[in-house]
Amino acid sequence: MAEVKISAEIRTEFGKGVARRTRVAGKVPAVVYGHGADTVHVTLPGHDLMMALKTANALISLDIEGRNELVIPKAVQRNAIRGHIEHVDLLAVKRGEKVTVEVAVHTEGDLAPGANLLENVLNTLTVEAEATHIPESVTVSIAGLDAGASILAKDVPLPSGTTLVTDEDAVVIQVLAAQAEEPADGAEAEGSEG
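Conventions we followed
- Residues numbered from 1 in each chain as written.
- Predicted model: local features only at pLDDT ≥ 70, side-chain atom pairs only at ≥ 80, totals over all residues.
- Heavy atoms only, no water.
- pLDDT = per-residue confidence, 0-100.
- Helix = DSSP H or I, 4+ residues; strand = E, 2+ residues; numbered from the N terminus.
- Buried < 20%, exposed > 50% of the residue type's maximum accessible area, 1.4 Å probe, protein only.
- Polar contact = N/O pair within 3.5 Å; in protein donor to acceptor, adjacent residues only side chain to side chain.
- Contact = heavy atoms within 4.5 Å.
- 1 Å grid on protein atoms, 1.4 Å probe; cavity = no way out; pocket = protein on both sides within 12 Å on 5 of 7 lines; lining within 4 Å.
- Points joined across faces, edges and corners; volume = space filled by probe spheres on them.
- Nonpolar A, V, L, I, M, F, W, Y, C, P; charged D, E, K, R; others polar.

1. Digging into the confidence of the model for the protein chain
Next up, step 1: Residue-level pLDDT values for the protein chain average 83, and 91% of them are 70 or greater.
Next up, step 2: Strand E12 (residues 163-164) holds the highest mean pLDDT among the elements of the protein chain, 92, whereas helix H3 (residues 185-192) holds the lowest, 53.

2. Notes on the side chain of Thr166
Next up, step 1: Within the element layout of this structure, Thr166 appears in the loop between E12 and strand E13 (171-177).
Next up, step 2: Taking relative accessible area as the criterion, Thr166 reaches 17% and is therefore assigned buried.
Next up, step 3: At 2.7 Å, the side chain of Thr166 and the backbone nitrogen of Thr126 are in polar contact.
Next up, step 4: Every residue in contact with Thr166, bar those within four places of it in the chain, is listed here: Leu122, Leu125, Thr126 and Ala153.

3. Here we look at the layout of surface pockets
Next up, step 1: As a volume, the largest pocket reaches approximately 240 Å³.
Next up, step 2: Surrounding the largest pocket, 15 residues form its lining, Arg23, Lys27, Val28, His84 and Ile85 being those nearest its centre.
Next up, step 3: Contributing elements (two or more residues each) for the lining of the largest pocket: helix H1 (16-24), strand E2 (27-34), helix H2 (46-52) and strand E6 (85-93).
Next up, step 4: Looking at the lining of the largest pocket residue by residue, the classes come out as 4 nonpolar, 5 polar and 6 charged.

As structure tokens, this is what we get:
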């Protein structure tokens, strides 16, 4: 995963009014924490942050007034109506350090012929990976699966260096037989009389 470089400014003022003015200026308030260090309140350029967060579990190299800090997003608060980023919590990480993150599960292939339905029970898996090698997603093949088949978390192939944290017996994907439609009540009543 590529590192995204973003310049950050230290925040010294707090409160709703200050945060609102920050957002109007096209910036996003954020907090950097981790490794037992003091929490650092920063302001990030809104557009650069939005572009970085298009990648799941983005590794961000923050330039905090001359000091570089590697971070990953831990919590992103978005405006419920407009969808723009209102605040971000960033976790400081070090190269070689293992972190626990959620990665998306994608499927590939086609189910066996017939009226089968695919149910994604889990859309993400919790995994542990090196901070600089976090997978964006994992892909599992559903080719040829028939009704009643399921794929467990332990069956999902993970990249090397990545370990599963989710319960290994958790069902990730299952294939269901399509339900036949119930006959209309009127048709059923006519056939039973006589």
